[in-house]
Amino acid sequence: MSSLEPQITSELEQMLPLPDSGRADWSDVVRRAGSGSRWLRSWRRRGGVLVAVAVLAAVGAASAVAYHYLGPSAGFSGGLSSLNDLPQASWPSSLPSDALDHAAAATGLTPAQAARRLRLVQSGLSLGHEATGDISLYAFQGNANTGCLFITGPDSGGICLPTRMTSNPALDSIAWAAGGGNSIQTPGPLAVYGLVADDIREVDANISGTTRSIPIINNSFYADYDGITNKDSITLVVHFDDGTTRTFTAPNPYADNGPTHLKHWTPTHP
Amino acid sequence: MRGTRLLTAELEGLYRDRYRHFLRVATAILGDETSGHDAVQEGFAQALREQRSFRAEGPLEAWVWRMVVNAALALRRGRVARREAPAAAEAPSMNGHASDESGVRAWVAALPERQRLAVYLRYYADLDYRSIAQVLGVEVGTVSASLSSAHEALRRSMKEV
């Protein structure tokens, strides 16, 4: 024990004494647990994004999801053809089982249909210095150009383009997210991953001016980085078959002084 | 493996026993007690919702602490996103005492986020290093190093006064 501990204890106690328990209300906790999270309620009020947020919240382990409204999207109208060629996969045990149900509902499928369509699109992935190779990507194609992608590992989660968001060409063909693992220490790791339609030829990630081309495997991409600081900029450049390019900029997940469990982020429309 | 009903009872017991400590840490993170209470309620609500995912790889209390700390950080992040001014600065209020910017308050405010959280969990929640490591998702050695660095920073600041 440090010789400073008694002094620290005493002065911290003076700064913020142990509060009384007058506010304690277990019934309020139970009520909140039953009615969805505060963040979901606040999103509900904005309308139209409940499905997407509910899916993310259900999949995203123990965190509220820092999530931006995607806006309506054309979805994966370019097709997700490689998923048809892959064998059916089992739902990963590391993800909550009810997340698949929510994702199915958001994409116009029954849970059984979603389970039948589930595919393992990438495996053996690592996050930064945590070179464990135990991160995998799963995906399924929903109805009406919708689809979902799920990630396992230290910062498990999922992203969907659900049925309610399929009318804005700005978001056609791609759903992606950026997250920083579960470290709050910088420099730290960063994962950039997503699901892309057949009409996307190439995806480049630009981290503070350094561009790296990310391979597209089974209509998905994944790149991990190490040594990311809160000063780094994160941009995704998407190249389409018709020669057009679209650029997305993501907020740096370390830039708001480091939540304990860093958040995935999905883009607003450009 | 504990059943859902038993775990719910344990969570309620933990809430009743330790509510004040959870509230103190959340208040320290958020700067005001009303927001701190909200974070505690949300953290426990999330623990209730996700109790099936508790795998007993560590103490239940550390698992819940993680939920509460994450809820507090998310609330704070929401404020930043909405550009709301926090009710107080990063460090907790002085409880009516005049600010001592060269003392412990300034020291806490100047710490990097992880060290500050480790300090709150150590001194406001009275958690041991292993539990703090589980809450923050880091190794025990990292907690030890974080607190040693924090102590060293305080030692230096005291010499400068």
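First, a word on what this report is: a plain description of the structure on this page.

A word on the overall build of chain B. Helices and strands together make up the secondary structure of chain B, namely seven helices and zero strands. The proportion of buried residues among the 161 residues of chain B is 58%. Excluding contacts between residues fewer than 6 apart, the proportion of contacts in chain B whose partners are at least 24 apart in sequence is 63%. Carbon and sulfur atoms provide 49% of the accessible area of chain B, an area that totals close to 7,100 Å².

What follows is about the nonpolar core. Residues B:Phe44, B:Val64 and B:Trp107 are the most contacted members of the largest nonpolar core, which totals 62 residues. Every residue in contact with B:Trp107, bar those within four places of it in the chain, is listed here: A:Ile8, B:Val119, B:Ala150, B:His151, B:Ala153 and B:Leu154. Among the nonpolar cores identified, the runner-up in size contains 22 residues, and A:Leu190, A:Ala223, A:Ile228 and A:Phe248 belong to it.

Glancing now at the sheet that holds strand E8 (residues 210-214) of chain A. The pairing of strands in a sheet happens through backbone hydrogen bonds and is either parallel or antiparallel. Residue and element names in this part refer to chain A. Spatial strand order, E8-E7-E11-E12: four strands in an open sheet with antiparallel pairing. Lying at the two open borders of the sheet, with one neighbouring strand each, are E8 and strand E12 (245-250). In this sheet, neighbouring strand axes are inclined to one another by 25 degrees on average, regardless of whether the strands run parallel or antiparallel. Here seven bridges tie strand E7 (residues 200-207) to strand E11 (residues 234-240), and the two strands are oriented antiparallel to one another. Bridge pairing links Ala-205 to Leu-236 in E11.

Attention shifts here to the packing of aromatic side chains. Throughout the structure, instances matching the rule amount to nine aromatic pairs over all chains. Arranged with centres 4.9 Å apart and planes meeting at 85 degrees, the rings of A:Trp91 and A:Phe150 form a pair that is edge-to-face. Placement of the pair is A:Trp91 in the loop between helix H4 (50-59) and helix H5 (97-106) and A:Phe150 in strand E3 (residues 147-151), with a sequence separation of 59 residues. By the burial criterion, A:Trp91 is buried, and A:Phe150 matches it. Ring geometry for B:Tyr15 versus B:Tyr19: centroids 5.4 Å apart, planes at 55 degrees, classification tilted. One end of the pair is B:Tyr15 and the other is B:Tyr19, both in helix H1 (residues 4-30) and four residues apart, which spans about a single turn.

Rules used throughout
- Residues numbered from 1 in each chain as written.
- Chains lettered and ligands numbered in written order.
- Predicted model: local features only at pLDDT ≥ 70, side-chain atom pairs only at ≥ 80, totals over all residues.
- Heavy atoms only, no water.
- Helix = DSSP H or I, 4+ residues; strand = E, 2+ residues; numbered from the N terminus.
- Buried < 20%, exposed > 50% of the residue type's maximum accessible area, 1.4 Å probe, protein only.
- Contact = heavy atoms within 4.5 Å.
- Areas by Shrake-Rupley, 256 points an atom, 1.4 Å probe, with all protein chains shown as cover.
- Core = buried A, V, L, I, M, F, W, Y, C linked by side-chain atoms within 4.5 Å.
- Pairing = 2+ DSSP bridges.
- Axes fitted to C-alpha atoms, helices over the stretch in contact; angles between N-to-C directions.
- Phe/Tyr/Trp six-rings, centres within 6.5 Å; stacked < 30°, edge-to-face > 60°.

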